[in-house]
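# Fold and geometry: a report
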Amino acid sequence: LTDLNDSITAQTNANDIYSALESEMQRQKDECKVATPFKLKVEEEKIYVILSENVRHEVVFGRRGVAKALYVFFLRQIERAKMDHTDPIYISKQELESYKEELLEIYQRIGHKNSATVRNIESWWDPSYNDFDNALSSIRKFFNTEFDTDTIKDKYGKCYSVEIMGKDRYGNPRYGINLDIGDFDLGRYSYRRF
């Protein structure tokens, strides 16, 4: 019985040490996160966070070209809303269908999917598929890993990931990015140049 108690005590101590080490590693990772806003820039098929004149960090979402295409589209919505004053700045998943040609063109360009058709992207707004939600999850994961999102939101009122920003007239969530037009440069993907 004494051996069992010693084993349990040793295991508990090992778990406590492991837990403390994990907490310390997470704290150090959090200290290294970007805590101030930086400009985003889209060049060719890549998205970068411009940390300084000579330092840029590539934004990597995964999900192949889907997340990147949706992200560029939502940045374009900011431009479009500021320039035209007619389009909504935030879009529901169901409303994406009315932008299918534009989404397809962005997807073809940014994902090197020249042979893609509207059929390849219809699942983005189809409620029976998870492509849209998985892409948004991939976007959030990148920014939550690399940025101190709480500090940037609380201190600067900005959010780099695609988040729910209200509802459409049917009660569906509308999504968008809480950045200003000066917070990014879409290059050739700009609404003005597209």
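As a reminder, the structure under discussion sits directly above these lines.
### As for unusual backbone geometry
Positive phi, normally seen in glycine, also occurs at glutamate 44, with a value near 55 degrees. Position of glutamate 44 among the secondary structure elements: in the loop between β1 (39-43) and β2 (46-50).

### Digging into the packing of helix α2 (residues 66-84) against helix α5 (residues 131-146)
Across the interface, α2 lies against α5 with an axial gap of 9 Å and an inter-helix angle of 80 degrees. Taken together, the axes of α2 and α5 are roughly perpendicular relative to one another. On α5, the residues touching Val66, Ala67, Leu70, Tyr71 and Phe74 of α2 are Asp131, Phe132, Ala135, Ser138, Ile139 and Phe143. Its residues assigned to classes, the contact of α2 with α5 comprises nine nonpolar, one polar and one charged.

### Focus on the environment of arginine 80
In this structure, arginine 80 sits in helix α2. Expressed as a C-alpha distance, the spacing of arginine 80 and serine 190, which sit 110 residues apart in the sequence, is 9.1 Å.

Cut-offs and rules
- Residues numbered from 1 in each chain as written.
- Predicted model: local features only at pLDDT ≥ 70, side-chain atom pairs only at ≥ 80, totals over all residues.
- Heavy atoms only, no water.
- Helix = DSSP H or I, 4+ residues; strand = E, 2+ residues; numbered from the N terminus.
- Axes fitted to C-alpha atoms, helices over the stretch in contact; angles between N-to-C directions.
- Parallel < 35°, antiparallel > 145°, perpendicular 65-115°, else oblique.
- Contact = heavy atoms within 4.5 Å.
- Nonpolar A, V, L, I, M, F, W, Y, C, P; charged D, E, K, R; others polar.

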